[in-house]
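Here is what each chain is made of, one letter per residue.
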Amino acid sequence: MNHDSLSPPAFPSVVGTTLEAHIMAGMRGAPGATGEFASLLNAIGLAVRIIHTRVRAAGLADMLGYTGETNVQGERVQKLDAFANEVLCTVLERSGRCAMVASEELEQAHVLSETGKYIVCFDPLDGSSNIDVNISIGTIFCVLRAQSAGGRLYEGALQPGNKIVAAGYAVYGSATTLSLSTGHGVHGFTLDPSVGEFFLSHSNIRCPERGNTYSINEGNFARWDDRVKKWNAFLKTEDKERGLPYGHRYVGSLVADAHRTLMKGGIFAYPADKKSPAGKLRLLYEANPMAYLFEQAGGAATNGTDRILDIEPKGLHDRTPLILGSKEDVKTYRDFMLG
Ligand code: AHG
Ligand code: MN
Ligand code: MN
């Protein structure tokens, strides 16, 4: 038989690029790739799809409300927080590719496999305060190479964000989307629930140089540093030349506020304040993954003065002020902080 007849006929593809196909294509570009990295990312994709199913039916599957426990953050644990954490830990353990996990919901890092090459830091369910009111929530993660510090793995997670090899976040919103970077730009996938697959929907997402919205919890105004107050007032002045005033948008779920800022430009800020002197958001599994993605998309991320990705973590649950967004808008913020 003439094998040529086996080559697929040249017709326009009627099937989109799945997450797995995108990851495998990236692997083909990496000489010496063993497939372990690809397999780890696919495992994370599976975990997100499982969490998606439970988020969609939370109100019907007795998944709303609290477990009754309090986590290491001192926050009351919601059933979905615990479920999402359990799913990620189980799927990553079964992948055999993950040496250790560091989770918002776990006091210590958990060693999963002595042979795994990677560490995954994650916020399993971001935006918990919005679960019960059907507002977008998400999952945030980043991947580091496992390295033992003095023969013990658990310090391995305490790496600065500039060591990240992949990061992403899911938004369980009007659609379930996954924004992912492995160091070659940011690519967006949308879940087709009818087939249970993520398909490439936003190739090479770029964060605009400047935007016209700012995102901050104005309720904290009285607690801010005077320089933050001045920056905030500046954005609300009338100045056509400078495109002011900016519009204000604030969902209260980092994934939703960050995704809008990544796609449309502008700035998201959760500065330190009198109530949260080190900032509220966590460095390892909220700020670092988001900072990596914004820089990969041409945006910027700072704690107000320094690059987020250069901050040396001291503890798994370190908090940091987080300012994310368009390069120009983040520069304006820094100018007010350094002015
Ligand atoms: P989490 O639900 O994982 O604890 O994260 C909540 C975070 C983040 O999603 C959001 O940007 C911020 O909390 C909102 O904080 P405020 O309610 O203080 O504005
Ligand atoms: Mn969070
Ligand atoms: Mn969380």
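Given the structure is predicted, the values throughout are model-derived calculations rather than measurements.

Let us now look at the site of ligand 1. Lining the immediate surroundings of ligand 1 are 17 residues, of which D126, S128, Y250, L254 and Y270 lie closest. In isolation ligand 1 exposes 480 Å². Once the protein is present, 87% of that is buried. At three residues, the largest contribution of residues to the shell around ligand 1 is made by strand 5 (residues 118–126). Considered class by class, the residues forming the shell around ligand 1 number five nonpolar, five polar and seven charged. Summarising the domain contributions, the shell around ligand 1 has at least three residues from each of domain 1 (19–204) and domain 2 (213–338).

Once that is clear, we can look at the domain arrangement of the protein chain. How big an interface is tends to be stated in terms of the accessible area lost upon association of its parts. Segmenting the protein chain into domains produces domain 1 (19–204) and domain 2 (213–338). A straight line from the C-alpha centre of domain 1 to that of domain 2 covers 23 Å. Between domain 1 and domain 2, the residue contacts involve 49 residues of the former and 31 residues of the latter. Approximately 2800 Å² of surface area, both sides summed, lies buried where domain 1 meets domain 2, with 62% of it carried by carbon and sulfur atoms. The largest contributions to the domain 1 side of the interface with domain 2 come from I140, L158 and Y169, which together make up 21% of the buried area. Summed over the shared surface of domain 1 and domain 2, the result is one salt bridge.

A few words on the coordination of the manganese ion (ligand 3). For the manganese ion (ligand 3), the full set of protein donor atoms is E104 (OE), D123 (OD) and L125 (O), and the range of their distances to it is 2.2 to 2.3 Å. The sequence motif formed by the donor residues of the manganese ion (ligand 3) is E-x18-D-x1-L. Here the manganese ion (ligand 3) and the manganese ion (ligand 2) are spaced 3.7 Å apart, and both take D123 as a donor. Taken together, the positions of E104 in the loop between strand 3 (98–103) and strand 4 (110–111) and L125 in strand 5 put the pair 21 residues apart, joining distant regions of the chain. Of the residues examined, E104 reaches a relative accessible area of 4% and is grouped as buried. The class of L125 is buried, set by a relative accessible area of 1%.

Analysis parameters
Residues numbered from 1 in each chain as written. Chains lettered and ligands numbered in written order. Predicted model: local features only at pLDDT ≥ 70, side-chain atom pairs only at ≥ 80, totals over all residues. Heavy atoms only, no water. Near = heavy atom within 4 Å. Areas by Shrake-Rupley, 256 points an atom, 1.4 Å probe, with all protein chains shown as cover. Helix = DSSP H or I, 4+ residues; strand = E, 2+ residues; numbered from the N terminus. Nonpolar A, V, L, I, M, F, W, Y, C, P; charged D, E, K, R; others polar. Domains from an automatic or database assignment. Contact = heavy atoms within 4.5 Å. Buried area = accessible area lost by both parts, 1.4 Å probe. Salt bridge = Lys/Arg side-chain N within 4 Å of Asp/Glu carboxyl O. Donors = N, O, S within 2.8 Å, 3.2 Å for Na, K, Ca; no water. Buried < 20%, exposed > 50% of the residue type's maximum accessible area, 1.4 Å probe, protein only.

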